[in-house]
Structures are given as C-alpha cells and as structure tokens.
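Inside the fold
Each chain, letter by letter, is given below.
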Amino acid sequence: MIDLKPYFITVPRAYTEGTVEVFEQAVQVPGAVKRATLAVTALGVYEAQLNGKKAGDVFLAPGHTYYPHNLHVQQYDVTHLLCAGGNTLRVYLGQGWYCGRFTHENKTKIYGEAPAVSWALELEHADGTTARYTSADADVRAVQSPYAYAGLYDGEEVFADGGPTPVIQPVPYAGRLPDVLEQNDVCVRLREEMPVVCAREKNGATILDFGQNFAGVVTIDPAKMDGDMLRLRHGERLNNDGSLYTVNLRRAKAELVYHKGAERVPYTPRFAYMGFRYIELTGCGYTDGLITAHAVYSDMERTGEFACENSLVQRLYQNQLWGQKSNYVEVPTDCPQRDERMGYTGDGQVFARTGMYNFDTEGFWLKFLKDIRYSQADNSEGYVAPTVPAEGPVGIGFINMLGWANCDTIVPEQLYWQYGSDAALRAQYESMKTLADCEIRHMGGLMGKKDLWIGPNLGDWLAPGKDIKYMAMHNGPVSNAFVANDLRILAWAAEYFGESDAAARYAAQLAKTRAAYCKAFIKKNGSMKDDYQGAYVMALSYVLEKGALWDAVFAKLLQKLRAEGMQTGFFATAQLLPLLAENGQETLAYDLLLQEGCPGWMYQIKHGATTIWERWDAIRPDGTVNESDQNGSNMVSFNHYAFGAVGQFYYQYILGIRPAAPGFAKVRIAPVTDARLCSVSGSYQSRAGKIRSAWRVTGKSVEFEIDTPVETELALPGLPVRTVPAGHYRECVPPKQSETRSALSNV
C-alpha cells in the first residue's frame, strides 16, 4: 500500500458547516501506461475523478472509522481512465463524520477543525519508467466548488456551474494523523435500482413513491428538467392528507437542491444518503428518468433465502432484510433517516445473528469490532461505548448502557459459530477481557449489591408501557443478565485460548453473579421482583441454569404471555421466540409471531410497514404517528432493525437450520412447523456449502425436503432424531394436533 501520511493537505478557511473543497491536478501521460494506481484517503469524505470519471465505485469513502487511531485507504486501478497527453485529476472533499454535523446532539468538529485529504497517483509506463503525482505537489490547486452545502443529515445543495464558496488554495495539513492507515475491502456502494412505483401531484408538488422504505441516494438527470432548479425532500411516510411526513427527521432536512448548469451531466450525491420511501419534488415537473434511486449498503454477499405461502410471514422476512440493508452502512446504524445514523452497539448485537444468516457479514463485523477496540482504547475505564466509533476519550457516564457494550463479547462468539473462524475472537479477546474486568470492578458500590452492577440503564429498551424512568430504576435483571453472559463467554474463550487461570477466574465470578442475581431479582416461586416480561426472558436466556428455579421462572413467563400478550423490548424480543420453541412452546411462539394486534410484527405490516419499526406502536391503532417524547426528543423511526431479530427464528426454527459445529462443519436441522404457514422453503449458504430446508403442511401429513452438504443431525417432528451423511432427504409425517390451534388465549 502506498504510504499517504506525507501528502495530507487542507484549506485554511474559517469553519463553516457543510463546506466542500475541490482540488485539481494536471497529469501528463507521454505515452502508453502499463498500470496506473490511485491511492486516496481523507479525514472527511472524498470522491476522486480522472477526466470526469469516478475512480472506483466506493460511496462515502474512505469510510467511518475512529479517526484518532484508524483511517482507511482505497487503492484504485485507474489505468482505463487515463489517456495519452493531458489528464485532470479532480478530488472532492467533504466534512463527513470527521468534522461535519453528526450524532443525535448535532455536534460539529468532533475529531478536528477541518477536513484533509491525501492522494498519490503512481504511473508505470510501458518502458518501465514510473511517475508519481501526489496531493502535496506544488501544482495542486483548489478550484470552484459546485456545492453551497453538503452534510450527512441535511443533504446537499449544488450549483452545476459553480457554487458560492470562495476559492482558497490548499496548504500542508499540520494536524494529528491517525496512528494506522490501512486498506479496507468492505465498503459502501450503490446497489439495486429502486424504481418509482407511483407519482402523484399534491399541493403543487409531486410525491414519488418507491414502494419500499430503504437507505439510498437518487441520481438527477438535468437533461430531463423543465426548470432551472429542483428540490427533493425525503421522508418515510405520508401525512393523512397525502403530503410528505418529516417530523420524525428531527433536525435533519434530508433534502437535495440542484441548480442546473450549462452541462447536462447526471448528478448523484457524494456526501449524503437518506432513509426514505417517498420523495417530494418541487421546482420542476416530473417525467420518467428524471429521478433514479439506488439502495446503498456495505459489501456483503447474500447467503440466506426464505419463502412462505403465508403472505404476512413473507412480508416480515422482507422487512427485516431491508432493515439490515438500510442499516449496514459502514457501521451497524440505528436508523438511516433522522439526525442519528450512528453505530449503535446494542442494536448491532441484537440483530447480528439474523444478519449473519441473511448475508455473509464476517468482513463487516471484523471492521466494526476493530472500531470497538480503537474506541475502547481511549475509554478511561476500558468500557465499550453505546455508539462506535466513539466521539473521543470518555468514561462510562451516568448510564452504563449494559446491553450495548456487550456487543464486544456476543458478536465474536456468534461469528465463531457462524463462520468457523476464530479471527474475530482472537482479535477481540483482550478487549473482551478488558470489558468484563470493567464490569467486575463496578460490582457492589454505593448503589449496588455484591457481584452485581446496579445503576441507571435503559433495560429492555422500548418495552411497551415501560418508559425510560421506569427502566432506570428496574433495569437490574436485564443489565446483569448481560454481565452474566459476558462472564460465561469469557470463561469459554479463556479456556479456548489455553488461559486456564483466567477461565477459572471468570467461571468463579459467573457462579457468584448467578447466585447474587437469584437473590436480588427472583422470588422463590419463580416470579421476578421486577415483574416485566423482559426480566423473565433475559434471566432464562442468560443467567439461570436448567433446574427447578428455571422451570418456575419459565412457568411464570408463560402465565404473563398468555395474560398480557407479548410485552418485550429490544433485547428480550430477540430471545423470546427461540426460548419458547426450545422448551415445548412452539405453538405459543407461532401465536406471538402471527398475532395482528399491537405489539406485534404483523401489526406493523397491517399498517403498511416495509421495514421494521423502532417502536411497536410507531403507528397507533387510529393511524396517527406516535411522536411521544421518550428521551428528550421525538423518537419514531420506521426503519430500525432491532425487532427484526425475529429473522433468527425464521432460519433456525421455521427452517430449522443451525450449526452443530462451528462454521456448520456439522449441521442440525430441526424445523418447527405450523399449519398457518402452509408451506415454507429456504436455504443458507454456509461455509460448508448450501443447506436447504422445505416443508408443507397438508390435511394428512407434513412433507419435508432437506439438502445438506455435511453430516447432519436430522430432527424432524414425529420421527426419531438421527444422524445422516450429506445428501438429499424427503420425509412425510403425520401433522401434530397442535398444528391447527392457538395456545394464546387472546389470539
């Protein structure tokens, strides 16, 4: 990789949010070029062009990292973009995450006062001679920027013939550079085209409906404009009168303003993307081809497929899939539309296993786990922040955010089982120990109980009827379930790496924490002292070992579910259906999946959802948007994937595809059937090969069809469990009596 540290330049202008710099350099090519390589990076966001053609196809390059320690570099083969004689290298530089407006607090200059860029173009001529052009060369000049503004939240305003920003010539960058500059192969790119499915006039504007909520960008073709300017405003839904709804964007304008110039070159944003289903067009009329939209998300290969005869169940599958596409943009974001779009560790870990089935996300997660390590290194207490990359050196703060920090331990274990590689586990092991040791140090104290960490937290976030004030006081059983799970993972990981003393220490602490947890949070009859469903689910999933107390707590959970319906938040919802299906309550699990009341997944679909909502009741039964204050501001996103963790139930239980050994070197296939789905088919492209599972419920039987590439434990309902070699299998068994009735009293 070309060393770019010596070539950073910046523009010495007073800070104005949204400024975009543009640089040009003349490149002389005297004859045939054998190879031309362009290496570029920026403290900010860049796009490089040669002779008006974009170098590569990376969007929002060089990517979002923890800038104090880490910065990505892209290297492009640009041989095909050069011609003999004079060439022009042009580089656009925006503020991006580095110093533009970012975070839900709308901060600017988080990592520095101004953006900076560095490039080197290396030419290898046919005669063996070489030449290098860099951003530090004396002939690099700033030129007129077409941008009046560009930012992640507000969008862009562009004047094709040149914007209003004065030109100031560049100088060498004298600020601190990140410790590590390195290439990264997982990047954001423009993906599938999203066609307009409907265009209609409303109050002098044209409302464009793409039929799907997604994260993306639009390309404007100025040759099809019938005016000199157009404005595009983005939104996820419409008001009842058919106008664009934007209240939930908060301070994000989410708009593009384009002023046509003499040339008719299509324009695509370089520095902003939006989360939207609808666009409001003003300033000119709409015609086919004026607007072309594309989804954007990080590199990841599709590995999971699912099809179901039940249309609602199928739509939910598509919704969680689009939730992942919309929120795997550099980091696992919370949402793509409002003034947030941050790398939330809690949302990320909740959805991670589902995401690993949908797509091959190993590379995506290796990058984000690296962001965690670099951010944690600057945390004064060795903790993992709820948002990563972190904003700089900090401590834990007033709210400990357990459930978020634990992404550091949960995801490496999941990656090991999903892909059969311990790369993430090895890279993250010291970070995991640092986190667990931090948790141990905070046990006890003024507010606490020995062997537990008691303090304000969000608990089972967004559980119905449990607001932030309630959870601040009653989060203990959820928060400490994550602590117990960390200790379990660390004891296992230490043993895996041959650190027997560390394994024994974490195992001993786990035993003490489990005992303290039972004493602090669970009554002898199995009731949780903090009597909400999330407390039961997390205790059963992460803390209690099977036995009499586990059975008593599970029985109480079943009572609550039958009496109350599902009332779980971010964390417990991800665990709930698998917990039920694993313990003889398959029909109840399906009842909860299929219920059409609120809270429930099918309720969202019945109210028009094409992605997963942040809150179960984002749309109230009367059709109004729930804009109630949750944490000091409007908080309602219609593209928030945490509740989409139900996708794990689809793959591991409906299809029944699970690893019996790391990387699916051995497989367990144990489908959980229900007549209400009629027929199901799907597959997972594992590291060991493609695994297929299908079943159909008829009046007299359940027919199964299985393909497996490796030795498999086949556990089909109604048949003995058996181990079979790789191959194709068809079975037909009588349906269960429970196939046709509900186990939930209010369904």
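Our subject is the structure that appears above.
The structure contained in this document is the topic of the report that follows.

Scoring rules and cut-offs
Residues numbered from 1 in each chain as written. Predicted model: local features only at pLDDT ≥ 70, side-chain atom pairs only at ≥ 80, totals over all residues. Heavy atoms only, no water. Phe/Tyr/Trp six-rings, centres within 6.5 Å; stacked < 30°, edge-to-face > 60°. Helix = DSSP H or I, 4+ residues; strand = E, 2+ residues; numbered from the N terminus. Buried < 20%, exposed > 50% of the residue type's maximum accessible area, 1.4 Å probe, protein only. Lys NZ or Arg CZ within 6 Å of the ring centre and 35° of its normal. Contact = heavy atoms within 4.5 Å. Polar contact = N/O pair within 3.5 Å; in protein donor to acceptor, adjacent residues only side chain to side chain. Pairing = 2+ DSSP bridges. Core = buried A, V, L, I, M, F, W, Y, C linked by side-chain atoms within 4.5 Å. Patch = residues over 30% accessible without salt bridge, like charges linked within 9 Å, V, L, I, M, F, W, Y side chains within 5 Å. Areas by Shrake-Rupley, 256 points an atom, 1.4 Å probe, with all protein chains shown as cover. Salt bridge = Lys/Arg side-chain N within 4 Å of Asp/Glu carboxyl O. Lys, Arg positive; Asp, Glu negative; His and termini not counted. Charge placed at Lys NZ, Arg CZ, Asp CG, Glu CD. 1 Å grid on protein atoms, 1.4 Å probe; cavity = no way out; pocket = protein on both sides within 12 Å on 5 of 7 lines; lining within 4 Å. Points joined across faces, edges and corners; volume = space filled by probe spheres on them. Nonpolar A, V, L, I, M, F, W, Y, C, P; charged D, E, K, R; others polar. Axes fitted to C-alpha atoms, helices over the stretch in contact; angles between N-to-C directions. Parallel < 35°, antiparallel > 145°, perpendicular 65-115°, else oblique.

**Side note on the packing of aromatic side chains**
Between two aromatic rings, the relevant description is the distance of the centres plus the angle of the planes. Enumeration according to the criterion identifies 49 aromatic pairs in this entry. Seen from their ring centres, F482 and F571 are 4.9 Å apart, and the 75° between their planes marks the pair as edge-to-face. Of the two residues, F482 is situated in helix 8 (residues 476–496) and F571 in helix 12 (residues 570–582); the sequence distance between them amounts to 89 residues. A residue is classified by how much of its surface remains accessible, and F482, at 2% relative accessible area, is buried. Looking at F571, the relative accessible area reads 2%, which means it is buried. Relative to F643, the ring of W616 has its centre 4.1 Å away and its plane inclined at 25°; by these criteria the two rings are stacked. Of this pair, W616 sits in the loop between helix 14 (601–606) and helix 15 (647–654) while F643 sits in the loop between helix 14 and helix 15, and the two are 27 residues apart along the sequence. F643 shares its class with W616; the two are buried. Counting every residue linked through ring pairs, the aromatic cluster contains F306, Y317, Y357, Y650, Y651, F664 and Y684. Residue placement shows R302 over the ring face of F359; its charged tip is 6.0 Å from the ring centre. Geometry around Y653 places R658 over its ring, the cationic atom sitting 4.4 Å from the centre.

**Quick word on the environment of N51**
By the secondary structure assignment, N51 is in the loop between strand 4 (45–50) and strand 5 (53–54). Through-space distance from the C-alpha of N51 to that of F210 is 33 Å; in sequence the pair is 159 residues apart. If we skip the residues at most four places from it in the chain, N51 touches L81, L82, C83, N87 and T88. From its side chain, N51 meets the backbone oxygen of L81 in a polar contact 3.0 Å long.

**Let's talk about the pairing of strand 24 (residues 291–298)**
Strand 24 sits mainly inside the fold: seven of its eight residues count as buried. Relative to strand 24, strand 16 (residues 188–194) is paired through five bridges, and the arrangement is antiparallel. Its bridge partner being in strand 24, L190 is matched across the sheet by V296. Pairing between strand 18 (residues 205–220) and strand 24: five bridges, direction antiparallel. Within the sheet, the bridge partner assigned to G216 lies in strand 24 and is A295.

**Let's talk about the nonpolar core**
Core analysis: the largest hydrophobic core is formed by 209 residues, its most contacted members being W365, L593, F649 and I654. Per element, the largest residue contribution to this core is 11 residues, and it comes from helix 8. Excluding its chain neighbours within four sequence positions, the residues that come into contact with W365 are Y328, P332, G348, Q349, A352, M356, C407, V411 and L415. With 31 residues, the next largest nonpolar core counts V33, L38, Y46 and W119 among its residues.

**Quick notes on unusual backbone geometry**
That bond from A61 to P62 is cis: its omega, 5°, falls within 30 degrees of zero. The omega torsion of the bond from V388 to P389 falls at 0°, within 30 degrees of zero and hence cis. Position of P389 relative to the elements: it lies in the loop between helix 4 (362–377) and helix 5 (407–419). Its identity as a non-glycine residue notwithstanding, L462 has a phi of 65°, on the positive side. You can see L462 is positioned in the loop between helix 6 (423–441) and helix 7 (468–474). Its relative accessible area of 9% is what places L462 among the buried residues. Even without glycine at this site, F664 takes up a positive phi of about 60°.

**So, a positive patch on the surface**
A cluster of basic residues, K449, K519, K523 and K529, forms a positive patch at the surface. Counting through the fold element by element, K529 comes out in the loop between helix 9 (500–521) and helix 10 (533–542).

**Digging into empty space enclosed by the protein**
The tally for this structure, following the rule as stated, stands at six cavities of 30 Å³ or more. Forming the boundary of the largest cavity are 13 residues, of which R13, E21, Q95, A114 and P115 lie nearest the centre. Considering only enclosed or pocket space, the second largest cavity measures out at about 70 Å³ in volume. Lining the second largest cavity are 13 residues, and of these Q95, G96, A150, G151 and L152 sit closest to its centre. The element best represented in the lining of the second largest cavity is strand 12 (residues 147–151), accounting for three residues. Looking at the lining of the second largest cavity residue by residue, the class counts come to five nonpolar, six polar and two charged.

**Focus: the environment of G392**
Looking at the secondary structure, you find G392 in the loop between helix 4 and helix 5. In this structure G392 comes out as buried when scored by relative accessible area, which is 8%. For G392 and Q575, which are 183 residues apart along the polypeptide, the C-alpha to C-alpha distance reads 33 Å.

**Some words on the sheet that holds strand 33 (residues 689–697)**
Hydrogen bonds between backbone atoms are what pair the strands of a sheet, whose relative direction is either parallel or antiparallel. If you trace the five strands from one edge of the open sheet to the other, you get 26-32-33-34-37, paired in antiparallel fashion. Both outer strands of the open sheet, strand 26 (304–308) and strand 37 (727–733), are each paired with one neighbouring strand and no more. Across this sheet, the average inter-strand angle for adjacent strands is 5°, counted without regard to direction. Summarising the sheet, strand 34 (residues 702–708) and strand 37 pair through seven bridges and their orientation is antiparallel. Bridging across to strand 37, E705 finds its partner in R730. Where helix 15 meets the sheet, its contacts fall on strand 26, strand 32 (679–686) and strand 33, and the angle it forms with strand 26 comes to roughly 80°.

**Description of the sheet that holds strand 30 (residues 657–659)**
Here we have four strands laid out as an open sheet, ordered 30-31-35-36, and mixed in their pairing. Single-partner strands in this sheet number two, and they are strand 30 and strand 36 (722–724). Between one strand axis and the next, the sheet turns through 30° on average, direction left out of account. When strand 30 meets strand 31 (residues 667–669), the two strands line up antiparallel, connected through three bridges. By the bridge assignment for strand 31, P659 is matched with V667.

**Let's talk about the pattern of salt bridges**
In this structure the tally under the stated criterion is 48 salt bridges. Where E122 meets R132, a salt bridge forms, and the shortest distance between an N and an O atom there is 2.0 Å. Here the residue E122 occupies a position in strand 9 (residues 116–125), and R132 occupies one in strand 10 (residues 130–134), the gap between them amounting to 10 residues. When its relative accessible area of 29% is taken as the criterion, E122 is described as partly exposed. Here R132 falls in the partly exposed class, since its relative accessible area comes to 40%. A single salt-bridge network, built from bridges that share partners, covers R250, D334, R338, D339, E340 and E614.

**Remarks on the packing of helix 8 against helix 10**
Each pair of packed helices gets described by two things: the angle between the helix axes and the distance between those axes. Orientation of helix 8 relative to helix 10, taken along the N-to-C sense of each, is 10°, at an axis distance of 9 Å. Classified by the angle their axes make, helix 8 and helix 10 are roughly parallel. Contact residues: P477, V478, A481, F482, A484 and N485 in helix 8; G534, A535, M538 and Y542 in helix 10. When the residues that make up the contact of helix 8 with helix 10 are grouped by side-chain class, the tally is eight nonpolar, two polar and no charged.

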